[in-house]
Amino acid sequence: MNLASSGSPGGPRTARRSAVAPVRTAAAYVVLAAALVAGVPAAVRAQAPPPAGCDELKHDPLPAWPDSAETSKRLTDCGYALTHDGDYARAATVFAAALDMARRRADRSAEAVALDGYGLSLGTLGQLDKAETLLKQSFTISEELADKDGMAEASSQLGHIRNVQARYDEARDYHLRSYRLWESIGSLHGMAVALNNVGAMYRAVGDNATAADYYQRSLEALQTLGDRRRSATVIDNLARNARVLGDYASGRALALQALAIREEFKDREGIGRSLTSLSENERAEGNYTAALDSLRRSLDIFTAVGNVHAIAETLNNVAVVYEAQGNYAQAASYLRRSLALNDAVVGSASLTVEIDTHLGEVLFREGQRARALQPLERGVALGDAAGLTLQAAEARVAAARVYASLGQLTRAEDALRQVLTFRQVTGDCSGRAEALIVMSDVELRRRRPAAALESAQEALGLAEAMDLVDVEWLALTAMGRADAALGRRGDARSAFDRAIAVVEDLRDQNPGGEEVRRQFFADRLAPYQEQIALTLAGPGADAAAAFDVAERSRARALLDIIRSDRVPITKAMSVEERTREVKLRTSLTSANSEVLLAAGAAAPDASRLAALKRKRDGRRVEYQDFQAHLYAVHPELQVNRGAVPVIRAAEAVQLLPGPAAAIVEFVTARDRTHAFVITTSGIHVVRLTPGTGEIDRQVRRFREQLARRDLRASESARLLYDLVLGPLQTLLQGKTDIIVVPDGMLWSLPFQALRSPANRYLIEDAAISYAPSVTVLREAMRRPHTRPSSPPALLAFGSALPQAAAPDGGQPAPGPRRSSDTEAEVAQLARIYGPTSRVYTGAEAREDRWKAEAPAFGVVHIASHGVLDDGSPLYSHLVLSPPQPGDKEDGLLEAWEIMAMQLKADLVVLSACETARGRVTPGEGIIGLMWAVFVAGTPATLVSQWQVESGSSARLMVGFHEEWRGGQRGVSRARALQLAALRLLKTRDYAHPFYWAGFILAGDGR
């Protein structure tokens, strides 16, 4: 609870302050506005210094000051000075001492003042019940003394407690009572305070027009008084109101005006609130990096001053921005932290509903629809029970979206109609637009396209009026779908084009690092997918135009990175930032090592291991936050987007080496999958049947069979060939080089292991390679050869875990990479490449050595154990030699560490388990070790799709290098892998595809 004010103590009575309500952000930019303080005398307005001797009170024990009226006043003045500095815990101690002194002297007036300050401090620290008791005692004493000013201030602070408790009607009554009391004694300042606070309560229930009127009256009174400092609070409130009512330009200008005033007065907590206000505008404008930086700065302030309510709400607000970016793991982490603090200290029902709503949205966006309903329905119930109409409305919209996706259309429609009625009354235009978009989807699912179009058009009008770009593209997509259902193809095409343009403009305005950029398209692919389907429907189907749209949505972050001249992040950092980075890296390394040691114990302690993992995950969050901050304050780190032209169909044909080659690009949507086939004769497109869901189920079944080395995998290989490649068989006839561009679950499908009607594996007839997109493939092929003309040419590392151990507490792989196999593997590579090679094994295969030497080599090979992290794919890693005491590295070469490097190799081979796997991010492909190698600048990588068997992997890798030999034999990389796989296929022991189909060549297969 934020009961601190932006001013210093004082008033018509002795050292009085009123409260400031919390700043918070709901899902639709809803904010409970900050409240003001009352009773500030001229001396304080002139910024008089705190009373002499206050420094003595900052430490225990308190000085033995004489028991007198003068001392009592001095203590309360110092207490308020401490609250002004944000030291609420110490202020509570001082106020408690003042209260004891007043009671010993039977000084009722001094007792009321001390109770007020004590209640203020405890309320800010989250002790609401005790604060309420103290403030009611203060009110009673003031009433006995006929002290209307004291009654008004106690009433005002009680109103803030009710605000935090989301009892808005009661809070408004308290503030109106304080207004009448201050009016009766002619306190214009007190009246200004109460007017603002009443406005905040109207804002809390969504009555923005009435709130704006109260805010304006408050500001006019403060300007009459010349109180610029407190006017900043009201200006912030007006800024939030402007945003909700659709005036984003005014919202930003007002937020900046308030921030400038608070910086002038060096009002730390006020600066934090203004930064929070500014972040809401930045988020609404789509500038997520700036929003995160503003929130991070405000969080530092609130943490320093100990304002637990503001801390909890800011953690929630950070989660909202990460959710908007598509960084769901980070969002969930912040939601958990906010909920824990709220449950333990704050106890805000309003914040609980918000957290439940965002948690449900995160689960829904991650595809966990059934699980998402639990927190959403809980949020609706709690919001209704507590009278939190705004928050309950947000939860209802999110729940309606889930209901619609599950086919529960009546429940979705009922919830939305209730929300739309409420938001029409309150004037919440942005929230109404959001609900209308969901309603459009429900209407379309009910086969009422005209009604769907009407809802989408109204949503678009609201979004355009308010310049809500992240709502605008959704409304345009909904319009396009409705137009298409009505047979209005031209209008639909125009709507989808406009939606795509908005998405790409928004993308250009959203700077940040690789992690931020790769997440951007995850939830914004719908207009591309709909445009592709529309372009391919009916007699005027245009395969080339549809392919162009598909490429616009694929691997755009990767394109930005591989074509940019990246500034090494360490060069951009200040000395202070480098010190902080080293501290965070060391902390993360230590946490990784602790997990590894605990997991490798003879009898791992499950509870201790779980605690260590939580500690490690917390360190990861801290480090990711720090990197996000760097991109906000160092624009030179940000990639210049838009420099890479997306490939066109005609140009794609030119990438083919000859008539025996083909590119097959798949595009999946929620109910359909298309395959574009590019050959020297042109581009063709085929829609696969059955739908995407059935294909996904069969792919999962096939992979499970491969993992078990199940002989029935052969049947699944035939079935999947018929489903995925059968419709393309005529187009692929005679093709001996096939480049596959997967999408969705198809990234998990080993195409080389599919069996044709002739009972032949695809790899027996063609060399297979993979690419994230055809445009990325073109850029990889354009990359100049950087392989040194003189030694060294090959760098190889051989490292493995002991047979019984597995990192991170997991079970060993079916055939974990054994030291004997990995060392033999790299030793044979040394013989193949001769004196130009450099090989390290065992204890010599150190992480720091790999980082130092890898950038100088043309071919880099790591034979080790690999660990996939499904939850945080960029923390998937390769296990190198264990660290020694004093080492700066932890021996785990993680994907994000590879990504930060600048490699010059033509090929990187990761001969470990699951190095081709990670999280499938819509629009970007597989995010993990493979993606990290591309980011680091390597045009091709050889990686594994599952937990490979150690012995067969060694034979396959040696066979590959024997065939390829760094390109010296004139055999392409893809062909070399094919020949090596065929060697194993033809042996009795390794004929099952589990042994030879696990590795893929991604990128430039030449």
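Calculation notes
Sequence positions are assigned chain by chain, starting from 1 and proceeding in written order. Restriction of local features to residues with pLDDT of at least 70 applies here, the model being predicted, together with a cutoff of 80 or more for giving and counting side-chain atom pairs; totals for whole chains, interfaces and linings are based on all residues. With hydrogens and water stripped out, all remaining heavy atoms of the structure feed into the side-chain values. Stacked, tilted and edge-to-face are the three classes applied to pairs of Phe, Tyr and Trp rings, where Trp contributes its six-membered ring and a pair requires centres within 6.5 Å; stacked means planes under 30 degrees apart, edge-to-face means over 60, and tilted covers the rest. Whether a charge lies above a ring is judged from NZ of Lys or CZ of Arg, which has to be within 6 Å of the ring centre and within 35 degrees of the ring normal. Counting from the N terminus, the helices are the DSSP runs of H or I reaching at least four residues and the strands are the DSSP runs of E reaching at least two. The cut-offs for exposure are 20% and 50% of the maximum accessible area for each residue type, with area from a 1.4 Å probe on protein chains only; residues under the lower value are buried, those over the upper are exposed, and the others partly exposed. By definition, residues are in contact when any of their heavy atoms lie within 4.5 Å. A pair of strands is treated as paired once DSSP finds two or more bridges between them. To get an axis, a line is fitted to the C-alpha atoms, and for a helix only the part in contact is used. The angle between two axes follows their N-to-C directions and goes from 0 to 180 degrees. Roughly parallel means an angle under 35 degrees; roughly antiparallel, over 145; roughly perpendicular, 65 to 115; everything else is oblique. Each crossing is labelled by how the near helix is turned from the far one, with a counterclockwise turn of less than a right angle marking it left-handed and a clockwise turn marking it right-handed. When two cysteine sulfur atoms are found within 2.5 Å, that pair is recorded as a disulfide. Residues are grouped as follows: Ala, Val, Leu, Ile, Met, Phe, Trp, Tyr, Cys and Pro are nonpolar; Asp, Glu, Lys and Arg are charged; all remaining types, including Gly, are polar. Salt bridges are counted wherever a side-chain nitrogen of Lys or Arg sits within 4 Å of a carboxyl oxygen of Asp or Glu. Put simply, buried Ala, Val, Leu, Ile, Met, Phe, Trp, Tyr and Cys residues joined by side-chain atoms within 4.5 Å make one nonpolar core. pLDDT: the predictor's confidence for each residue, scored from 0 to 100.

Asks: Pulling in residues and values, what's your account of the packing of aromatic side chains?
Replies: All chains considered together, the criterion is met by 11 aromatic pairs. Following the ring pairs from residue to residue traces out a cluster consisting of F666, F751 and Y770. Between R74 and the ring centre of W65, over which it is positioned, the NZ or CZ distance is 3.7 Å. Of note, R172 hangs over the ring of Y202, and the distance from its end group to the ring centre comes to 4.9 Å.

Asks: How would you summarise the side chain of S769 if you had to cite specific residues and measurements?
Replies: Among the secondary structure elements, S769 is positioned in strand β5 (residues 767-770). Using a relative accessible area of 4% as the deciding quantity, one classes S769 as buried. Residues contacting S769, with those up to four places away along its chain left out, are I738, I739, V740, A974, L1001 and G1005.

Asks: Residues and numbers for the sheet that holds strand β11 (residues 892-894), please.
Replies: With respect to topology, three strands assemble into an open sheet ordered β9-β10-β11, the strand pairing being antiparallel. This sheet does not close on itself; its edge strands, each paired only once, are β9 (865-867) and β11. Neighbouring strand axes in the sheet, compared pairwise and without regard to direction, differ in orientation by 25° on average. Two elements, strand β10 (residues 877-879) and β11, share three bridges in a ladder whose sense is antiparallel. What sits directly across from L878, in β11, is L893.

Asks: Residues and numbers for the pairing of β5, please.
Replies: Here β5 shows no split at all, with A767 and S769 on one side and I768 and Y770 on the other all buried. Sheet topology places strand β4 (residues 737-741) next to β5; four bridges connect them, and they run parallel. Opposite I739, over in β5, you have S769 as the bridge partner.

Asks: Could you give an account of the packing of helix α7 (residues 168-184) against helix α8 (residues 188-204), naming the residues involved and the relevant values?
Replies: Contact pair α7 / α8: the axes reach a minimum separation of 8 Å and the direction vectors enclose 165°. The angle between α7 and α8 falls in the class roughly antiparallel. At the point where α7 passes α8, the crossing takes the left-handed sense. Contacts from Y168, A171, R172, H175, L176, S178, Y179, W182 and E183 in α7 reach G190, M191, V193, A194, L195, N197, V198, M201, Y202 and A204 in α8.

Asks: Could you give an account of the state of the cysteines, naming the residues involved and the relevant values?
Replies: According to the stated counting rule, one finds one disulfide in the structure shown. In this model C54 forms its disulfide with C78; the gap between the sulfur atoms is 2.0 Å. Judged by the sign of its S-S torsion, about -85°, the bond between C54 and C78 is left-handed. Taken together, the residues C54 in the loop between α1 (42-45) and α2 (69-84) and C78 in helix α2 connect sequence positions 24 residues apart. Here C54 and C78 have matching classes, each one buried.

Asks: Please set out the packing of helix α12 (residues 268-284) against helix α13 (residues 288-305) residue by residue, giving values where relevant.
Replies: One way to put it is that α12 packs onto α13 with a least axis distance of 8 Å and a crossing angle of 160°. When the interaxial angle is binned, α12 and α13 end up roughly antiparallel. In the packing of α12 onto α13, the handedness of the crossing is left-handed. Each of R268, E269, I271, G272, R273, L275, T276, L278, S279, E282 and R283 in α12 lies in contact with α13, whose residues at this interface are Y288, A290, A291, S294, L295, R297, S298, I301, F302, A304 and V305. Residues of the contact of α12 with α13, tallied by class, amount to 11 nonpolar, five polar and six charged.

Asks: So what's going on with unusual backbone geometry? Which residues, and what values?
Replies: For A146, which is not a glycine, the phi torsion comes out positive at approximately 60°. Within the fold, A146 resides in the loop between α5 (128-144) and α6 (148-164). Its identity is not glycine, yet R709 carries a phi of approximately 55°, on the positive side. Structurally, the position occupied by R709 is in the loop between α32 (692-707) and α33 (713-725). In this structure R709 comes out as partly exposed when scored by relative accessible area, which is 29%.

Asks: A description of the pattern of salt bridges should follow, citing residues and the corresponding values.
Replies: Counted according to the given criterion, the structure contains 59 salt bridges. For the salt bridge of K136 with E132, the shortest nitrogen-to-oxygen distance reads 3.0 Å. Taken together, the residues K136 and E132, both in helix α5 and four residues apart, mark about one turn of the helix. Exposure remark for E132: the relative accessible area of 11% places this residue in the buried category. Several salt bridges share partner residues, and in doing so they unite E132, K136, R162, R167 and E170 into one network.

Asks: Got a sec to walk through the nonpolar core? Specific residues and values, please.
Replies: Counting 111 residues, the largest nonpolar core has F666, V724, L725, F751 and W850 as its most contacted members. Those residues in contact with F751 that lie beyond four places of it in its chain are F666, V724, L725, V740, L746, L762 and Y770. Ranked by size, the runner-up nonpolar core spans 79 residues in total, among them A372, A435, M439 and L525.

Asks: Help me get a handle on the side chain of H961, residues and values and all.
Replies: By secondary structure assignment, the location of H961 is in helix α40 (residues 950-964). Filtering out sequence-adjacent residues up to four positions away, H961 remains in contact with L829, I832, Y833, V859, H861 and V909.

Asks: Please give an account of the confidence of the model for the protein chain that cites residues and values.
Replies: On average, residues of the protein chain carry a pLDDT of 82, and 85% of them reach 70 or more. Across the protein chain, the secondary-structure element scoring lowest on mean pLDDT is α1, at 26, and the one scoring highest is β4, at 96. Predicted confidence is poor over residues 1-34, with pLDDT under 50, and the contacts of this stretch with residues over four places away or in other chains come to 195 contacts. Across residues 37-49, where pLDDT falls below 50, the model places 35 contacts with residues more than four positions away in sequence or in other chains.

Asks: Go over the environment of D467, please, and point to the residues and values.
Replies: In this structure, D467 sits in the loop between α21 (449-466) and α22 (469-485). D467 sits 183 residues away from A284 along the chain, and the two C-alpha atoms are 8.7 Å apart.

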